[in-house]
Amino acid sequence: MATTHARAAARLMISPSVILLLGWMLIPLGMTLYFSVLRYNLLMPGDNPFVGIENYQYFLTDPAFTAALINTLALVVGVLAVTIIGGTLLALLLDQPMWATGIWRILVIAPFFVMPTVSALVWKNMFMNPVNGLFAHLFKSLGLAPFDFLAQAPLFSIIWIVSWQWLPFATLILLTAMQSLDREQIEAAEMDGAGALSRFRHITIPHLGRAATVVVLIETIFLLSVFAEILVTTNGGPGNASTNLTYLVYAESLLRFDVGMGSAGGVVAIILANIVAIFLMRAIGKNLDA
Amino acid sequence: MGQITLKKVRKAFGDVEVIPPLDLQINDGEFVVFVGPSGCGKSTLLRLIAGLEDVSSGEIEIDGRPSAELPPAKRGLAMVFQSYALYPHMSVRKNIAFPMKMAKISQDEQNRRIEAAASALNLTEYLDRKPGQLSGGQRQRVAIGRAIVREPAAFLFDEPLSNLDAALRVGMRLEISELHKRLATTMIYVTHDQIEAMTMADKIVVLRAGRIEQVGAPLELYENPRNIFVAGFIGSPRMNFIEGPEAARHNAHTIGIRPEHIDVSATEGDWQGRIGVAEHLGSDTYFHIHDTGLAETVTVRASGEVTLRHGETVFLTPQAEKIHRFDNEGLKQ
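Cut-offs and rules
- Residues numbered from 1 in each chain as written.
- Chains lettered and ligands numbered in written order.
- Predicted model: local features only at pLDDT ≥ 70, side-chain atom pairs only at ≥ 80, totals over all residues.
- Heavy atoms only, no water.
- Domains from an automatic or database assignment.
- Contact = heavy atoms within 4.5 Å.
- Buried area = accessible area lost by both parts, 1.4 Å probe.
- Salt bridge = Lys/Arg side-chain N within 4 Å of Asp/Glu carboxyl O.
- Polar contact = N/O pair within 3.5 Å; in protein donor to acceptor, adjacent residues only side chain to side chain.
- Helix = DSSP H or I, 4+ residues; strand = E, 2+ residues; numbered from the N terminus.
- Nonpolar A, V, L, I, M, F, W, Y, C, P; charged D, E, K, R; others polar.
- Phe/Tyr/Trp six-rings, centres within 6.5 Å; stacked < 30°, edge-to-face > 60°.
- Buried < 20%, exposed > 50% of the residue type's maximum accessible area, 1.4 Å probe, protein only.
- Lys NZ or Arg CZ within 6 Å of the ring centre and 35° of its normal.
- Patch = residues over 30% accessible without salt bridge, like charges linked within 9 Å, V, L, I, M, F, W, Y side chains within 5 Å.
- Areas by Shrake-Rupley, 256 points an atom, 1.4 Å probe, with all protein chains shown as cover.
- Pairing = 2+ DSSP bridges.
- Axes fitted to C-alpha atoms, helices over the stretch in contact; angles between N-to-C directions.

Draft legend 1. Seen up close, the domain arrangement of chain B. Residues and elements named next belong to chain B. Assigned domains of chain B: these are domain 1 (4-232) and domain 2 (240-326). Between domain 1 and domain 2, the residue contacts involve eight residues of the former and seven residues of the latter. Buried area between domain 1 and domain 2, both sides added, is near 620 Å², and the carbon and sulfur share of it is 63%. Of all residues in domain 1, Tyr 222, Ile 228 and Ala 231 give up the largest surface area on contact with domain 2, accounting jointly for 74% of the area buried on that side. The interface formed by domain 1 and domain 2 includes zero salt bridges. Across the domain 1-domain 2 interface, the total number found is two residue pairs in polar contact (both at pLDDT 80 or more). Elements represented by at least two residues in the side of domain 1 that touches domain 2 include exactly helix H7 (218-223) and helix H8 (228-233). Of the residues in the side of domain 1 that touches domain 2, the class split is five nonpolar, two polar and one charged.

Dropping the structure here:
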């Protein structure tokens, strides 16, 4: 049978890339799992004895864990809300015929090309700084006391910075979806007596559902692991006020040099990410069906 | 009621005038077909009546009420689009209910009208499906259902059958004609297909480059076209046009004779030619005759099965009383 041979040959030939990919994924995962059951602290050299689930117990009962979990979810939900709502409104604006459309679109997309550390530093030093920041000047010019964003509303500030970065992505996807809406459907709704708001509510928003789903899924993947913005602005503080899971894992492994604990945190983060993924696919995955 | 009067309606896109000032009267209950080659402005004219395009000048009166400035929804017209324009995320029931929901009609009344429209259009068992799960003909009927429930003064159809296959098109043509007989509402129908125009219309409006070439009942246009354009556009296959000495013999610049008004004989006749392509349709046979010395090809129709074959010499005799004579400006003499 030629087909059997062909299939065997095909398997043989794709095996290097499959093995490479699996190795790339499985070896680090296996080592993380392995380290997570060892007492392995770089500040205490010597034996690394097997301790079972001790690391997990400490990690999950750490008060910082609950705070980090809540912060992680708040960050994801907050940024998603801002980018989806803001993105829809911006897309609506950019979809209108106006002067110099190309320039406006480039301006709107620009933040996406700024790397996270840079944009976070710009926001921290040029806008949110309580002495020299533009917001501080604005507050002072109105006779108000400057507001120290990163100290008094750290999580809100980080949500704001991350939203600024992700707004262009949401806008871009939603704008292309809006442009693919059939003109005749809008005209039909117009003939049917729907005003501008009803048309938006009954025709445009359902049409955007699929694109919004894509935005939510892709952004969630990246937002669960926000790190650079926290590192360069608040360092997770004050206290744990802006620590998310990623930052907590970083703090355990690289600030406290506890490899075992950090690995356990990593495994917990993987499990939580999967729970979020399953929940999301249940909730909005049906939008992706044709 | 559904009386529509266009007074000096003009439409220009920038510097391009697509519809020069135009007058047209559409009476209540009439089935009017706008027909013409593509780009003749027939869809634009329909969209002007619908209110989807603004007139550049002129007035549109619907039931005596000036409507050129009214938004589409206030004109009391319903439109069926070429792409059907169904709302893909709504079930058939919700699609049909949408205009009533927008008009804030009570739920009971909505249900009553949906049931009535669905049973009239054979859609009852599809009410809970999405448009994506329906065939082309069913989608077409949903679009019509959505138009019916508004109980409009007039229906506007924009090439509604052009996305259907040939067999379905004939069926839908009949359904729309029957619907018109039953509702007796004014309908305006745009098509480029003169067969649809001939079979459905009470009144045909032939358009070319935004101008009305002729308005009349289908047979009136067939028997008495006002100029060469209408003569050539109405009727299938096309009328034969002959210029030169043969036309001069009839005191005309051009004469026109329809394929069905030429008698074919193997032995004798006024004109002589050689058979090119023969199209055997069973009921009729169309011959494309070459080398007549009159025109490049002359098309003739012979009834039933004819034994003439490709390459043979034939003789043609036009029926004298069916010859159309046109002057040098293309107008009928």
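Draft legend 2. Summary view of the packing of aromatic side chains. Evaluated as defined, the whole model comprises 24 aromatic pairs over all chains. Taking the centre distance of 4.9 Å and the plane angle of 70° together, the rings of Phe 227 of chain A and Tyr 250 of chain A count as edge-to-face. Taken together, the residues span a long stretch of sequence, with Phe 227 of chain A in the loop between helix H10 (196-223) and helix H11 (228-233) and Tyr 250 of chain A in helix H12 (residues 245-255) at a distance of 23 residues. Looking at Tyr 250 of chain A, the relative accessible area reads 21%, which means it is partly exposed. Grouping aromatic residues by their ring pairs yields a cluster made of Trp 123, Phe 127, Phe 135, Phe 147, Phe 149, Phe 156, Trp 160 and Trp 164 of chain A. Over the face of the ring belonging to Tyr 87 of chain B we find Arg 146 of chain B, whose NZ or CZ atom lies 4.6 Å from the ring centre.

Draft legend 3. Region of interest: a nonpolar patch on the surface. Residues and elements named next belong to chain A. A cluster of nonpolar residues, Ile 14, Val 18, Leu 22, Met 25, Leu 26, Leu 29, Leu 33 and Ile 270, forms a patch on the protein surface that exposes about 670 Å² of accessible area. Among the elements that make up the nonpolar patch, the one with the highest residue count is helix H1 (residues 2-35) (seven residues). Checked against the element boundaries, Leu 33 lands in helix H1. When its relative accessible area of 41% is taken as the criterion, Leu 33 is described as partly exposed.

Draft legend 4. Broad picture of unusual backbone geometry. Residue and element names in this part refer to chain B. A cis geometry characterises the amide bond from Ser 236 onward to Pro 237, with omega recorded as -5°. The residue Pro 237 is located in the loop between H8 and strand E11 (240-243) in this model. Residues other than glycine seldom take positive phi values, yet Lys 8 does so here, at roughly 50°. Here Lys 8 lies in strand E1 (residues 4-13). The backbone of Ala 184 shows a phi angle near 55°, a positive value even though the residue is not glycine. The topology assignment puts Ala 184 in the loop between helix H5 (166-183) and strand E8 (186-191). Ala 184 sits in the partly exposed class, given a relative accessible area of 49%.

Draft legend 5. Focus on the sheet that holds strand E10 (residues 211-216) of chain B. Residue and element names in this part refer to chain B. The strand order across the open sheet built from six strands is E6-E7-E8-E3-E9-E10, with neighbouring strands paired in mixed fashion. Looking at which strands have only one partner, the edges of the open sheet turn out to be strand E6 (77-80) and E10. Across the sheet, the mean angle separating the axes of adjacent strands is 20° when strand polarity is ignored. Where E6 and strand E7 (residues 154-158) come together, four bridges link them in parallel fashion.

Draft legend 6. Up close: the pairing of strand E12 (residues 254-257) of chain B. Residues and elements named next belong to chain B. Of the two faces of E12, both are covered, the one formed by Thr 254 and Gly 256 as well as the one formed by Ile 255 and Ile 257. Examined bridge by bridge, E11 and E12 share four bridges and lie antiparallel to one another. Across the sheet, residue Glu 243 finds its bridge partner in E12, namely Thr 254.

Draft legend 7. Examining the interface of chain B and chain A more closely. At the interface, 24 residues of chain B touch 15 residues of chain A. Between chain B and chain A lies a buried interface of about 1600 Å² when both sides are counted; carbon and sulfur atoms form 61% of it. Applying the counting criterion to the chain B and chain A interface returns two salt bridges. The residue Arg 146 of chain B makes a salt bridge to Asp 192 of chain A at a minimum N-O spacing of 3.7 Å. Mapped by element, the contributors of at least two residues to the side of chain B that touches chain A are helix H1 (42-50), E6 and helix H2 (92-102) of chain B. Partitioning the side of chain B that touches chain A into residue classes produces 17 nonpolar, three polar and four charged.

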